[in-house]
Amino acid sequence: MVVVDGKPRILVDAGPGAFLRIGELELDLEKVDTVLLTHLHIDHSADLAAFFNARALTSDGPIVYRVFGPDGAGLFPKTSRFVDLLVGDKGAFGYQQTFGAEEKFTVRDLPIDLNSGRSKILDEGGLVVEEIATHHGDCPSVAYQISYKGVSVVFSGDMDASALANLVKLAKNADLLIFNCAVLDPPSSQVQLYELHTAPKRIGEAARASGVKSLLLSHLAPEVEGQRDAVRKSIGASYAGPVAFASDKLRMSIGK
């Protein structure tokens, strides 16, 4: 959850447990109007309907959501279809439209073209969101940069090393890069996982190339958690900035 001027505004992904953790944090959801989905794997989107439900039950008036996510390919629907299948009139949770506040969804399907540059998808009141295509096996995926008052944070989502050039473009001189770290350096993780995720050594190289001021490792696999020192050392071979490990309910302040 991204908080702007003291108010939660943007939800980035909604994996299992997001609904529970948001409740535990006692976040005021009144101003959350933007949802950024990096991709549609279960561990990044399964709690989306639950979030919509929580927001509706605490709202005093109609809600207008702007939802962004990847276009579809293969087994994966485009994001607009995904949202419709969840909470549309004939969706699995179609009743949601009559349960709590009235909700309207404006969904934009982001094209997945690794040869395209970054694009601006939101520019409102100083809040700017940009995106760029990444690569996560056969699952369409994107990364996001959120900027406000000269401060920027980048979310890599799940991605393999083949799209690091795109991430470096998006994260250039960002204040914080949140990079999903689900594997160890080869050959310490299963071979097939490197077709989906970026190893620590390559994360460090990308952080250095982009010039980010700080790095936060998220989406941590148990094997990564168990070898934090090795991961930090691997990243530190290229990147000299601060490296932190994410945990549930962690709060981080960026800029002033």
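Up top is the structure.
Residues numbered from 1 in each chain as written. Predicted model: local features only at pLDDT ≥ 70, side-chain atom pairs only at ≥ 80, totals over all residues. Heavy atoms only, no water.

Caption draft 1: Region of the structure containing helix H3 (residues 48-57). With 8 of 10 residues buried, H3 is to be regarded as a mostly interior element. Those residues of H3 that sit buried are Leu48, Ala49, Phe51, Phe52, Asn53, Ala54, Arg55 and Ala56. (Buried < 20%, exposed > 50% of the residue type's maximum accessible area, 1.4 Å probe, protein only. Helix = DSSP H or I, 4+ residues; strand = E, 2+ residues; numbered from the N terminus.)

Caption draft 2: Quick peek at unusual backbone geometry. Pro186 connects to Pro187 through a cis peptide bond whose omega is 5 degrees. Mapped onto the elements, Pro187 comes out in the loop between strand E10 (176-180) and helix H6 (200-210). Positive phi is not limited to glycine here, since Lys149 has a value of about 50 degrees. Classification of Lys149 by relative accessible area gives exposed; the value is 64%.

Caption draft 3: Highlighting the sheet that holds strand E2 (residues 7-12). What the 5 strands build is an open sheet, ordered E1-E2-E3-E4-E5; its pairing is mixed. Every interior strand has two partners, whereas the edge strands, strand E1 (2-4) and strand E5 (103-110), have only one. On average, each strand axis in the sheet is tilted by 25 degrees relative to the strand beside it, whichever way the strands run. Pairing geometry for E2 and strand E3 (residues 34-36), over 3 bridges, is parallel. Residue pairing across strands places Ile10 opposite Thr34, the latter belonging to E3. Running over the sheet, H3 touches E2, E3, strand E4 (63-70) and E5 and is turned about 165 degrees from E4. (Pairing = 2+ DSSP bridges. Axes fitted to C-alpha atoms, helices over the stretch in contact; angles between N-to-C directions. Contact = heavy atoms within 4.5 Å.)

Caption draft 4: Structural detail: the pattern of salt bridges. Scanning the model with the defined rule gives 16 salt bridges in all. Here Asp123 makes a salt bridge to Lys120, at a shortest N to O gap of 3.4 Å. One salt bridge connects Glu205 with Lys201, and the closest N-O pair in it is separated by 2.8 Å. Of this pair, Glu205 and Lys201 are both found in helix H6, 4 residues apart, which corresponds to roughly one turn of the helix. We classify Glu205 as partly exposed; its relative accessible area is 21%. Its relative accessible area of 44% is what places Lys201 among the partly exposed residues. Connected through shared salt-bridge partners, Arg9, Asp33, Arg66 and Glu124 make up one network. (Salt bridge = Lys/Arg side-chain N within 4 Å of Asp/Glu carboxyl O.)

Caption draft 5: Broad picture of the environment of Pro62. Note that Pro62 resides in the loop between H3 and E4. Here Pro62 falls in the exposed class, since its relative accessible area comes to 65%. In the structure, Pro62 is positioned 52 residues away from Ile10 in sequence and 17 Å away in space, judged by C-alpha atoms.

Caption draft 6: Summary view of the packing of aromatic side chains. Summed over the entire model, instances satisfying the criterion amount to 5 aromatic pairs. Relative to Tyr65, the ring of Phe52 has its centre 4.8 Å away and its plane inclined at 50 degrees; by these criteria the two rings are tilted. Highlighted residues: Phe52 in helix H3 and Tyr65 in strand E4, separated in sequence by 13 residues. Through a chain of ring-to-ring contacts, the aromatic side chains of Phe51, Phe52, Tyr65 and Phe105 assemble into a single cluster. (Phe/Tyr/Trp six-rings, centres within 6.5 Å; stacked < 30°, edge-to-face > 60°.)

Caption draft 7: Focus on the nonpolar core. In this structure, Leu167, Leu177, Phe179, Leu215, Leu217, Val231 and Ile235 are the most contacted members of the largest nonpolar core, which totals 30 residues. Elements that contribute at least two residues to this core include exactly helix H5 (164-170), E10, H6, strand E11 (215-218), helix H8 (228-236) and strand E12 (243-245). Beyond its immediate sequence surroundings of up to four residues, Leu177 is in contact with Val154, Leu167, Ala171, Val212, Ser214, Leu215 and Leu216. Of all hydrophobic cores here, the second largest spans 24 residues; its members include Leu29, Ala49, Tyr65 and Val83. (Core = buried A, V, L, I, M, F, W, Y, C linked by side-chain atoms within 4.5 Å.)

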